[in-house]
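# Remarks on the overall topology
Spelled out, the chains give:
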Amino acid sequence: MGSSDTTTPLGGDLPIANRFLFELDGVELGVFKEVSGLNVTVQVEEIREGGQNSYSHQIPGRMSWPNLVFKRGVTNANDLFDWFNKTSGEGFASNSNKLTKSTGAVTVIDPVGTRLRSWEFIDVFPVRWRGPDFSVESRDPLEEELEVAHHGFRAVTQAS
């Protein structure tokens, strides 16, 4: 048996995270309270063989990676919106309509600040930014969202 027990959750108990760090090409872009869209689906190609009527062969096909959505409270930093503007509209046009894709990473941070697990995203670029809704009647916190597209991810084990 190897030194890694694949049946034990991280740290022995189920991990609890209270924030998620987003990095872009190794630079911290922000901490978020919620990240969704971390999944992958493999389409199944079906091949029917002549004379074989009991089943169809199934082989893996194209993979699909949904966009990631990051949510956090509004901060005084403009990094997310600046990155969005750089890769779209006039920022995109000023770069001769060439998209500079980046490597992104999401890291799970536990309540004491330990990095538990990371995922690196290939060819990341922002596709939607949403600011807060304003109302003097609302008691909801002001939040912003960032949605990014990517070409897949890989899991990264943190050094112990």
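Residues numbered from 1 in each chain as written. Predicted model: local features only at pLDDT ≥ 70, side-chain atom pairs only at ≥ 80, totals over all residues. Heavy atoms only, no water.

Going by what an unreviewed UniProt entry lists, the chain is known as Phage tail protein and is assigned to Nocardioides conyzicola.

### So, the overall build of the chain
Each helix and strand counted, the chain has 2 helices and 10 strands in total. Taken from the N to the C terminus, the helices and strands of the chain come in the order β-β-β-β-β-β-α-α-β-β-β-β. Burial analysis of the chain (160 residues in total) assigns 24% to the buried set. Intrachain contacts of the chain at a sequence separation of at least 6 include 62% that bridge at least 24 residues. A total accessible area of about 10900 Å² is found for the chain, and carbon and sulfur atoms account for 50% of it. (Helix = DSSP H or I, 4+ residues; strand = E, 2+ residues; numbered from the N terminus. Buried < 20%, exposed > 50% of the residue type's maximum accessible area, 1.4 Å probe, protein only. Contact = heavy atoms within 4.5 Å. Areas by Shrake-Rupley, 256 points an atom, 1.4 Å probe, with all protein chains shown as cover.)

### Details of the environment of V108
On the secondary structure map, V108 appears in strand 7 (residues 102–109). A relative accessible area of 14% means that V108 is categorised as buried. Between the alpha carbons of V108 and F20 there is a distance of 4.9 Å; along the sequence they are 88 residues apart. Discounting residues that sit within four places of it in the chain, V108 has contacts with A17, R19, F20, T114, R115, L116, R117 and W119.

### Examining the nonpolar core
Within the largest apolar cluster, 17 residues are counted, with the highest numbers of intra-cluster contacts made by F22, F70, W83, L146 and V148. Of all the secondary-structure elements, those providing two or more residues to this core are strand 1 (19–24), strand 2 (27–32), strand 6 (68–73), helix 1 (79–86), strand 7, strand 8 (115–130) and strand 9 (143–149). If you tally residues by element for this core, the top one is strand 8, at 4 residues. The residues contacting V148, other than those within four sequence positions of it, are N67, L68, F70, W83, V124, F125, P126 and V127. (Core = buried A, V, L, I, M, F, W, Y, C linked by side-chain atoms within 4.5 Å.)

### Let's talk about the packing of aromatic side chains
In total, this model carries 8 aromatic pairs according to the counting rule given. In this structure an aromatic cluster arises from ring pairing among F22, F32, F70 and W83. (Phe/Tyr/Trp six-rings, centres within 6.5 Å; stacked < 30°, edge-to-face > 60°.)

### Re unusual backbone geometry
Backbone geometry places S96, a non-glycine residue, at a positive phi of 60°. Within the secondary structure, S96 sits in the loop between helix 2 (89–94) and strand 7. For N97, which is not glycine, the phi dihedral falls at a positive 55°. Position of N97 relative to the elements: it lies in the loop between helix 2 and strand 7.

### Description of the side chain of D110
With respect to the element layout, D110 can be found in the loop between strand 7 and strand 8. From its side chain, D110 meets the backbone nitrogen of T114 in a polar contact 2.8 Å long. (Polar contact = N/O pair within 3.5 Å; in protein donor to acceptor, adjacent residues only side chain to side chain.)

### What to know about the pattern of salt bridges
A full pass over the atoms with the stated rule returns 12 salt bridges. For the salt bridge of K71 with E145, the shortest nitrogen-to-oxygen distance reads 3.8 Å. In this pair, K71 is assigned in strand 6 and E145 in strand 9, connecting sequence segments 74 residues apart. The class for K71 is partly exposed, based on a relative accessible area of 22%. Between R72 and E144 there is a salt bridge, with its nearest N and O atoms 2.8 Å apart. A residue pair is termed long-range when its members are at least 10 positions apart, and R72 in strand 6 and E144 in strand 9 qualify at 72 residues. (Salt bridge = Lys/Arg side-chain N within 4 Å of Asp/Glu carboxyl O.)

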